[in-house]
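The residues making up each chain are set out below.
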Amino acid sequence: MAYLNENYLKLQAGYFFPEIARRVREFCEANPEAAKRLIRCGIGDVTEPLPRAAVEAMKRAVEELGHSESFRGYGPEQGYEFLRSIIAQHDYRDRNIEIADDEIFISDGSKCDCGYILDILGDQNKVAVPDPVYPVYVDTNVMAGHTGQGTKDGGYEGILYLPCTAENDFVPEPPKEHVDLVYLCFPNNPTGAVASRGQLAQWVEYAHAHEAILLFDAAYESYISDPEIPHSIFEIPGARECAIELCSFSKNGGFTGVRCGFTVMSNSVLARTENGRRLPLHPLWQRRWSTKSNSVSYPVQRGAEALYSQEGHKQVRALIDHYMGNAKLLRGAAADAELKAFGGVNAPYIWVETPDGLTSWEMFDRMLRELNVVITPGAGFGAQGEGYFRLSAFNSRENAEEVARRLKNL
Ligand code: MLT
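Residues numbered from 1 in each chain as written. Predicted model: local features only at pLDDT ≥ 70, side-chain atom pairs only at ≥ 80, totals over all residues. Heavy atoms only, no water.

A tally of helices and strands in the protein yields 13 helices and 15 strands. What you see for the protein is a C-alpha radius of gyration of 21 Å, in line with the 22 Å of a compact globule of 410 residues. In terms of its C-alpha atoms, the protein occupies a principal-axis envelope of roughly 55 × 55 × 55 Å. Counting across all 410 residues of the protein, residues that qualify as buried make up 54%. Sequence-distant contacts, at least 24 apart, represent 73% of the contacts inside the protein between residues at least 6 apart. Accessible surface computed for the protein: about 18,200 Å², of which carbon and sulfur atoms make up 50%. Separation between the mean location of the 41 positive side-chain charges and that of the 56 negative ones in the protein comes to 3 Å. (Helix = DSSP H or I, 4+ residues; strand = E, 2+ residues; numbered from the N terminus. Rg over C-alpha atoms; globule rule 2.2 N^0.38 Å. Buried < 20%, exposed > 50% of the residue type's maximum accessible area, 1.4 Å probe, protein only. Contact = heavy atoms within 4.5 Å. Areas by Shrake-Rupley, 256 points an atom, 1.4 Å probe, with all protein chains shown as cover. Lys, Arg positive; Asp, Glu negative; His and termini not counted. Charge placed at Lys NZ, Arg CZ, Asp CG, Glu CD.)

Have a look at this one:
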């Protein structure tokens, strides 16, 4: 009989968001009237239609594929040049960040990249994650065998958890001890916190001192409105040598269902072999894509390219303004309900302390039963998420206003 990957058996629960969906489904089946009033502020999934520029570009691209003179088969495994170069130019070089076109790798989204990147990193690495954290960073490491067994508090042996609390404004400091890989996400999912230039510089300094790599998730960078807050880890001097950035069109272009993102892998990031050679990761990443993928479909890449056009840019801005309008409403309503709320200013998530000493799952149940609103319980993001819940601003304005009204009855 074939052997299975026993690392999967270490996973302590089903993936977090399907688990929430299951509980909501059960509630709706048992309460059909309440189900009609249900509003979802749980998973951070976009609700508004795609930017028109992307829709038209994808339609044109599909049409091209339908004619022999413009038909295309397999594309370049790392993504089409037209998309790689517009990203490198617009997101980096226009901001005075030195990134070459071939340092951009197109993918089907940054959730997927979180798993893919482990293909080229060794099993020996000591990994650090913030707590609370986007569960994908942890689960992919468990699946890859980079951790020990689960612990009682929902964590895993072998991972260093960096507490993010109200005391440190949900931005962890570099640890005293050595780690090889550090996951950072700013603007943060789930807390909505942002890191200042100084705080990120401390991390780059740590990475240099420890020859560590920072895996920087910038999926929510376009929600930053404060001009002092960096959008990319590469704004910090020295980051080219120690950081890999994960980016996504899901939350700016509304591509959660379309699927497109990218990683920025500079030619200067090195990692070591068992016998002490220091080698660049870029050729391994290049090789990984050539072997395991044929990239994202041509129409989707044209759709992503269109987000950078003048029209596309305006439409993306309008989407972000829409969601941030919701965030403002929800954060205000939480405060009016005398809840202690964080985030929601440079990020589409509001991180709220549970009232009356409720656990985060108790709060989830209460919000579902009393207000018919789905939230995300903080404990699902890690032990430090206990006592908090996350409100997502991804919704229609009408729903956000209704949630704000319902919060008054809490
Ligand atoms: C979330 O709700 O945390 C996000 O939707 C997860 C994701 O982007 O994969």
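This is not the end of the story, as more comes after the structure.
So, about helix α8 (residues 197-210). Between its terminal C-alpha atoms α8 stretches 20 Å, which fits the 20 Å expected from 14 residues at 1.5 Å a residue. For α8, the full list of buried residues reads L200, W203, V204, Y206 and A207. Here the buried residues of α8 occupy an arc of 155 degrees about the axis, which is enough to place them on one side. Opposite the buried face of α8, at more than 90 degrees from it, the exposed residues are E205 and A209. Turning to α8, the residues buried within the fold contact β4 (159-163), β5 (181-185) and β6 (213-217). Backbone geometry just after α8 places E211 at a positive phi near 50 degrees. (Expected span 1.5 Å × (residues − 1). Arc of directions from axis to C-beta.)

Another point: the site of the ligand. In the vicinity of the ligand, the contacting residues are F17, I43, G44, Y134, N189, Y220, K251, Y349 and R390. At 2.6 Å from an oxygen atom of the ligand is found a main-chain nitrogen or oxygen belonging to G44. Note that an oxygen atom of the ligand is positioned 2.8 Å from one of the side-chain N or O atoms of K251. Expressed as a share of its isolated accessible area of 270 Å², the protein-covered part of the ligand is 86%. The residue makeup of the shell around the ligand, split by class, is five nonpolar, two polar and two charged. Residue-level mapping places the shell around the ligand at the junction of two domains, with at least three residues from each of domain 1 (6-49 + 311-407) and domain 2 (55-309). (Near = heavy atom within 4 Å. Polar contact = N/O pair within 3.5 Å; in protein donor to acceptor, adjacent residues only side chain to side chain. Nonpolar A, V, L, I, M, F, W, Y, C, P; charged D, E, K, R; others polar. Domains from an automatic or database assignment.)

What follows concerns the packing of helix α2 (residues 16-30) against helix α12 (residues 360-371). Interhelical geometry of α2 versus α12 gives an angle of 40 degrees and a closest axis separation of 11 Å. Taken as axis vectors, α2 and α12 run oblique relative to one another. The two elements α2 and α12 meet at a crossing, and its hand is right-handed. When α2 is examined against α12, the residues F16, I20, R23, V24 and F27 are found in contact with a partner set consisting of W361, F364, L368 and R369. (Axes fitted to C-alpha atoms, helices over the stretch in contact; angles between N-to-C directions. Parallel < 35°, antiparallel > 145°, perpendicular 65-115°, else oblique. Left-handed = near helix turned anticlockwise from the far one by under 90°.)

Our next topic: the environment of F17. Within the element layout of this structure, F17 appears in helix α2. By relative accessible area, F17 is classed as buried at 11%. Between the C-alpha atoms of F17 and F389, which are 372 residues apart in sequence, the distance is 14 Å. Those residues within four positions of F17 in sequence are excluded, and the remaining contacts are I43, T376, F381 and R390.

Once that is clear, we can look at a nonpolar patch on the surface. Residues L4, Y8 and L9 make up a contiguous nonpolar surface patch of roughly 350 Å² in combined accessible area. Mapped onto the fold, L9 is located in helix α1 (residues 7-10). Judged by its relative accessible area of 61%, L9 falls in the exposed class. (Patch = residues over 30% accessible without salt bridge, like charges linked within 9 Å, V, L, I, M, F, W, Y side chains within 5 Å. Salt bridge = Lys/Arg side-chain N within 4 Å of Asp/Glu carboxyl O.)

Under the criterion given, the structure shown has 27 aromatic pairs. Here Y137 and Y183 contribute two aromatic rings whose centre-to-centre distance is 4.8 Å and whose plane-to-plane angle is 20 degrees, an arrangement assigned as stacked. Note that Y137 is positioned in helix α7 (residues 135-143) and Y183 in strand β5, a separation of 46 residues in sequence. The residues Y137 and Y183 share a single accessibility class, namely buried. With 6.1 Å between their ring centres and 75 degrees between their planes, Y349 and F394 make a pair best called edge-to-face. Taken together, the residues Y349 in strand β12 (residues 349-353) and F394 in the loop between β15 (388-392) and α13 (397-407) connect sequence positions 45 residues apart. The same class applies to Y349 and to F394, which are both buried. By way of ring pairs, the aromatic residues F16, F17, F170, F342, W351, W361, F364, F381 and Y388 are connected into one cluster. A cation over an aromatic ring shows up here: R288 above the ring of Y116, its NZ or CZ 4.2 Å from the ring centre. Positioned over the ring face of F82 is R302, at 3.7 Å from the centre of the ring. (Phe/Tyr/Trp six-rings, centres within 6.5 Å; stacked < 30°, edge-to-face > 60°. Lys NZ or Arg CZ within 6 Å of the ring centre and 35° of its normal.)

Across the junction of D131 and P132, the peptide omega takes the value 10 degrees, indicating a cis bond. Looking at where P132 falls in the secondary structure, it is placed in the loop between β3 (127-131) and α7. In this structure, P187 follows F186 across a cis peptide bond, with omega equal to -10 degrees. Considering the arrangement of structural elements, one finds P187 in the loop between β5 and α8. One non-glycine residue, D356, lies in the positive phi region at around 55 degrees. In this fold, D356 is placed in the loop between β12 and α12. Note on D356: relative accessible area 66%, which makes it exposed.

One open sheet holds the four strands; their spatial order is β11-β12-β15-β14, and the pairing between them is antiparallel. Each edge of the open sheet carries a strand with a single partner, namely β11 (341-343) and β14 (376-377). Relative to β15, β12 runs antiparallel, the two being bridged by five bridges. When the bridges of β15 are listed, V352 appears paired with F389. Packed onto the sheet, helix α11 (residues 310-336) meets β11, β12 and β15 and runs at close to 155 degrees relative to β11. (Pairing = 2+ DSSP bridges.)

From the geometry alone we can't say anything about function, so treat these as descriptive.
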